[in-house]
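Residues per chain are reported as follows:
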Amino acid sequence: ALAHVLAWRSYTLVELARVDDAFACARPPAPDEGACRITSYPYFKWLGGLGLALNISGDFARAREVAQGLIEQGHSSRSARGEGLGHWVMASHWFYTLDFERAAAAGRAGLDCSKDPLFRAGAVLMQASALLADMRADAALALTSQWAPLLERNQDYWFGLPMRQAHAAAQLAHGRLSDGMR
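Residue numbers run consecutively from 1 along every chain, following the written order of its sequence. Owing to the predicted nature of the model, reporting of local features is limited to residues with pLDDT of at least 70; listing and counting of side-chain atom pairs is limited to 80 or more, with chain, interface and lining totals taken over all residues. Excluded from the side-chain calculation are hydrogens and water; included are all heavy atoms of the structure.

1. Let's talk about the overall build of the protein chain
Reasoning step 1: Comment: elements are numbered from the N terminus, with helices defined as DSSP H or I runs of at least four residues and strands as E runs of at least two. Across its full length, the protein chain carries 10 helices and zero strands.
Reasoning step 2: If you list the helices and strands of the protein chain from N to C, you get α-α-α-α-α-α-α-α-α-α.
Reasoning step 3: Here the protein chain holds 182 residues, and 49% of them are scored as buried.
Reasoning step 4: Note on contacts: a residue pair qualifies if any of its non-hydrogen atoms lie within 4.5 Å across the two residues. The long-range share in the protein chain, meaning contacts at least 24 apart out of those at least 6 apart in sequence, stands at 55%.
Reasoning step 5: In these tables, accessible area is a Shrake-Rupley quantity obtained with a 1.4 Å probe, and a residue counts as shielded only by the protein chains included in the view. Split by element, the accessible area of the protein chain, about 9300 Å² in all, is 54% carbon and sulfur. Only protein chains enter the accessibility calculation, which uses a 1.4 Å probe. A residue is then buried if its area is under 20% of the maximum for its type, exposed if over 50%, and partly exposed in between.

The following block contains the structure:
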């Protein structure tokens, strides 16, 4: 249980803009250490937290390496979570480097391979954000119209709130000023 808590800690610190602290706790153990012998989930989560912190800090080359490693390790070990998380980190990488087309494609790839609702939501949020940044409001509105209500209904506030913001932005881009402000 401790491995799971520690694996999630870096995400919380990134959300709080404490990126240096996120680096300090985003050092994954070897995949065969401790709790990671039972499940690879904490290992993949640690790497995902590291990748997101690298992206936010501007170390894009290392973030891309972490993302690619997650995709490859997740795929080879048949971990949909690991592979999906890798695509999520890769979508984040492309988004922060302003390649919105690749970011949207990586988000879609994460959605396609993920089975876990949390990882699917993260991938979809990156895809919707990239579509909006790429001025593809029609596609973003279609995606957010499908996902925002689902995330709210399932009380997924971590991704539900930013998805709602993406939905409002897509509505505003369509000239639905009143809808976008609700």
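Once the structure has been displayed, the description carries forward.
2. Regarding the pattern of salt bridges
Reasoning step 1: Whenever a carboxyl oxygen of Asp or Glu lies within 4 Å of a side-chain nitrogen of Lys or Arg, that contact is scored as a salt bridge. Across all of its chains, the model carries seven salt bridges by this definition.
Reasoning step 2: Taking the shortest distance from any N to any O, the salt bridge between R81 and D116 comes out at 2.8 Å. Residue R81 is found in helix α5 (residues 80-96), and its partner D116 is found in the loop between α6 (100-113) and α7 (117-133); the two are separated by 35 residues along the sequence.
Reasoning step 3: Residue classification places R81 among the partly exposed residues on the basis of a relative accessible area of 38%.
Reasoning step 4: Look at D116 and you get buried, because its relative accessible area is 16%.

3. So, α5
Reasoning step 1: Taking 1.5 Å per residue, 17 residues should reach 24 Å; α5 reaches 24 Å between its end C-alpha atoms and fits that length.
Reasoning step 2: Among the 17 residues in α5, 14 count as buried, and that is most of the element.
Reasoning step 3: Of the residues one or two after α5, L98 is the one with positive phi, at around 65°. The length a helix should cover is 1.5 Å for every residue beyond the first.

4. Some points on the confidence of the model for the protein chain
Regions with low pLDDT should not have their predicted coordinates read in detail.
Reasoning step 1: Each residue carries a pLDDT score, the predictor's own confidence in it, on a scale running from 0 to 100. Of the residues in the protein chain, 90% have a pLDDT of 70 or more, and the chain-wide mean is 86.
Reasoning step 2: The spread of mean pLDDT over the elements of the protein chain runs between helix α10 (residues 177-180), the lowest at 66, and α6, the highest at 96.

5. What about the layout of surface pockets?
Reasoning step 1: If you add up the space inside the largest pocket, you get close to 420 Å³.
Reasoning step 2: In this structure, the largest pocket is lined by 15 residues; those nearest its centre are E15, W88, Y96, L125 and M126.
Reasoning step 3: Listed by contribution, the elements that provide at least two residues to the lining of the largest pocket are α1 (2-15), α3 (41-57), α5, α7 and α9 (157-173).
Reasoning step 4: Looking at the lining of the largest pocket element by element, the count peaks at four residues for α5. Only protein atoms enter the 1 Å grid used here. Points where a 1.4 Å probe fits but cannot escape make up a cavity, open sets with protein on both sides within 12 Å along at least five of seven lines make up a pocket, and a residue lines them when an atom lies within 4 Å of a point. Grid points are joined across faces, edges and corners, and a volume is the space filled by probe spheres set on the points.

6. Notes on the packing of aromatic side chains
Reasoning step 1: Only Phe, Tyr and Trp rings are paired, with Trp represented by its six-membered ring, and only when their centres lie within 6.5 Å; those with planes under 30 degrees apart are stacked, over 60 edge-to-face, the remainder tilted. Tallied over the full model, the rule gives six aromatic pairs.
Reasoning step 2: With a centroid separation of 5.9 Å and an interplanar angle of 55°, the aromatic rings of Y43 and F44 are classed as tilted. The same class applies to Y43 as to F44, namely buried.
Reasoning step 3: Between the aromatic rings of F95 and Y96, the centroid separation amounts to 5.9 Å while the plane-to-plane angle is 80°, which identifies the pairing as edge-to-face.
Reasoning step 4: For F95, a relative accessible area of 22% puts it in the partly exposed group.
Reasoning step 5: Through a chain of ring-to-ring contacts, the aromatic side chains of W88, W158 and F159 assemble into a single cluster.

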